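Listed below are the residues making up each chain.
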Amino acid sequence: MSILDRFRLDGQVAVVTGAGKGIGAGIAKAFAEAGADLVLGARTGEDLQRVAAEVEALGRKAVWASTDVLEAGQLQRLADTAMEKLGRIDILVNNAGGFPPRPALDTSVEQFNQAMQFNVSSAYAMTVLCVPLMISSAGSGCIVNISSVAGEKPAPCFSAYGTAKGALSLLTREFAQEFAPRIRVNAIAVGSTRTDALNTVLNDEIEQTMVELTPMGRLGEVEDVALGALYLAAPASSYVTGEVLAVNGGLERLNMQMPRAFGGVG
């Protein structure tokens, strides 16, 4: 097997949550280019149909199920769809998540819990659903969690989101220890990446500041994250588990400037 062959996913089936757009869609298409068939989950059917068509245009199979990751029954349906339609699960990408920056004093306990459920509990639930299916259908498997640099670098207004992503990164390491050697579990600490979600807060001034604060001098692209996910899912990383791969342009602090509670900017 050549070095490049070790980045192939031929014959494998990958389940991706939040696959309707942005990073999830980018990962799905990258995996398809590498030879995998895809099981796509997201809330919006039209988005899923579009991504499925793009996967099929690359010569791979794609099935999908409308999935709100906060609903246990819908997570079960997504896993069942993979087994019923494609017969196996080799890879799980827990990509669905997010929460807007918000001052801690304006974030209720209920909202904090929502951030934890969306970013951590949903990934936990999907993982414990899929791991037994990976073992029974493929004998082994791989999980990639999409975390964030916000989970490692504290900053004002990120108490809910940052804590949730920090918990997801630690959960990644916990699962890696528990499921080794048959299931590898890794994560990606994503930085500011051009997606529809980021575009909702970007203007020229904010973007210029974010770029200036990023050592690599640009914002991330979806393809940057997709390439990291491909490495972590492929045989190329067969000796890697429990790691959080930084794909964030070298950030040592968040590049989104937010106000402190009692004056100044963090």
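Residues numbered from 1 in each chain as written. Predicted model: local features only at pLDDT ≥ 70, side-chain atom pairs only at ≥ 80, totals over all residues. Heavy atoms only, no water.

**Section: the overall build of the protein chain**
For the protein chain, the count of helices and strands is 8 helices and 7 strands. At 18 Å, the protein chain has a C-alpha radius of gyration in line with the 18 Å of a compact globule built from 266 residues. Dimensions of the protein chain, computed from the C-alpha atoms along their principal axes, are close to 55 × 40 × 40 Å. Out of the 266 residues in the protein chain, the part that is buried amounts to 48%. A fraction of 73% describes how many contacts in the protein chain between residues 6 or more apart in sequence connect residues 24 or more apart. For the protein chain, the computed accessible surface area is about 12400 Å², with 52% contributed by carbon and sulfur atoms. (Helix = DSSP H or I, 4+ residues; strand = E, 2+ residues; numbered from the N terminus. Rg over C-alpha atoms; globule rule 2.2 N^0.38 Å. Buried < 20%, exposed > 50% of the residue type's maximum accessible area, 1.4 Å probe, protein only. Contact = heavy atoms within 4.5 Å. Areas by Shrake-Rupley, 256 points an atom, 1.4 Å probe, with all protein chains shown as cover.)

**Let's talk about a nonpolar patch on the surface**
The grouping of I3, L4 and F7 at the surface amounts to a nonpolar patch, some 330 Å² of accessible area in total. Checked against the element boundaries, F7 lands in the segment before β1 (13-17). (Patch = residues over 30% accessible without salt bridge, like charges linked within 9 Å, V, L, I, M, F, W, Y side chains within 5 Å. Salt bridge = Lys/Arg side-chain N within 4 Å of Asp/Glu carboxyl O.)

**Here's the deal with the packing of aromatic side chains**
Per the counting criterion, the structure on display carries 4 aromatic pairs. Considering the side-chain rings of F7 and Y231, the 6.4 Å spacing of their centres and the 35° angle between planes classify their relative orientation as tilted. In this pair, F7 sits in the segment before β1 while Y231 sits in helix α8 (residues 222-233), placing the two residues 224 residues apart along the sequence. For Y231, a relative accessible area of 29% translates into the label partly exposed. For the ring pair Y124 and F175, a centre distance of 5.4 Å and an interplane angle of 35° mean the geometry is tilted. With Y124 in helix α4 (residues 109-137) and F175 in helix α5 (residues 159-179), this residue pair connects regions lying 51 residues apart in the sequence. Classification of Y124 by relative accessible area gives partly exposed; the value is 44%. (Phe/Tyr/Trp six-rings, centres within 6.5 Å; stacked < 30°, edge-to-face > 60°.)

**Some points on the pairing of strand β2 (residues 37-42)**
Within β2, 6 of the 6 residues are buried, which leaves the element mostly enclosed by the surrounding structure. Here β1 runs beside β2; their pairing, made up of 5 bridges, is parallel. Bridged to V16 within β2 is L40. Once the chain exits β1 it traverses helix α1 (residues 22-33) before rejoining the sheet at β2, and the crossover so formed is right-handed. Direction of pairing for β2 relative to strand β3 (residues 62-66): parallel, over a ladder of 5 bridges. When the sheet's bridge partners are listed, L40 is paired in β3 with W64. (Pairing = 2+ DSSP bridges. Right-handed = clockwise from strand over helix to strand, strands pointing away.)

**Here's the deal with the sheet that holds β3**
Strand order in this open sheet of 7 strands is β3-β2-β1-β4-β5-β6-β7, and the pairing throughout is parallel. Across the chains shown, the open sheet's two edge strands, defined by having one partner strand only, are β3 and β7 (244-247). Taken over all neighbouring pairs, the strand axes of this sheet differ in orientation by 15° on average, direction set aside. Here strand β5 (residues 141-148) runs beside strand β6 (residues 183-190); their pairing, made up of 8 bridges, is parallel. Each bridged residue has a counterpart across the sheet, and for I146 the counterpart in β6 is I188. Relative to the sheet, helix α3 (residues 72-86) contacts β1, β2 and β3, its axis offset from that of β3 by approximately 160°. The sheet strands contacting α4 are β1, β4 (91-94), β5 and β6, and the helix crosses β4 at an angle near 175°. (Axes fitted to C-alpha atoms, helices over the stretch in contact; angles between N-to-C directions.)

**A few points about α8**
When the terminal C-alpha atoms of α8 are compared, their 16 Å separation across 12 residues agrees well with the 16 Å that a helix rising 1.5 Å per residue should span. Burial in α8 covers these residues: V222, V225, A226, G228, A229, L230, L232 and A233. Here the buried face of α8 lies against α1, β4, β5, β6 and β7. (Expected span 1.5 Å × (residues − 1).)

**Things to note about the environment of S108**
Looking at the secondary structure, you find S108 in the loop between β4 and α4. S108 gets classed as partly exposed once you look at its relative accessible area, which sits at 28%.

**Looking at the confidence of the model for the protein chain**
Here the protein chain shows a mean pLDDT of 96. Residues at 70 or above account for 100%. Across the protein chain, β4 holds the top mean pLDDT of 99, while helix α6 (residues 196-199) sits lowest at 78. (pLDDT = per-residue confidence, 0-100.)

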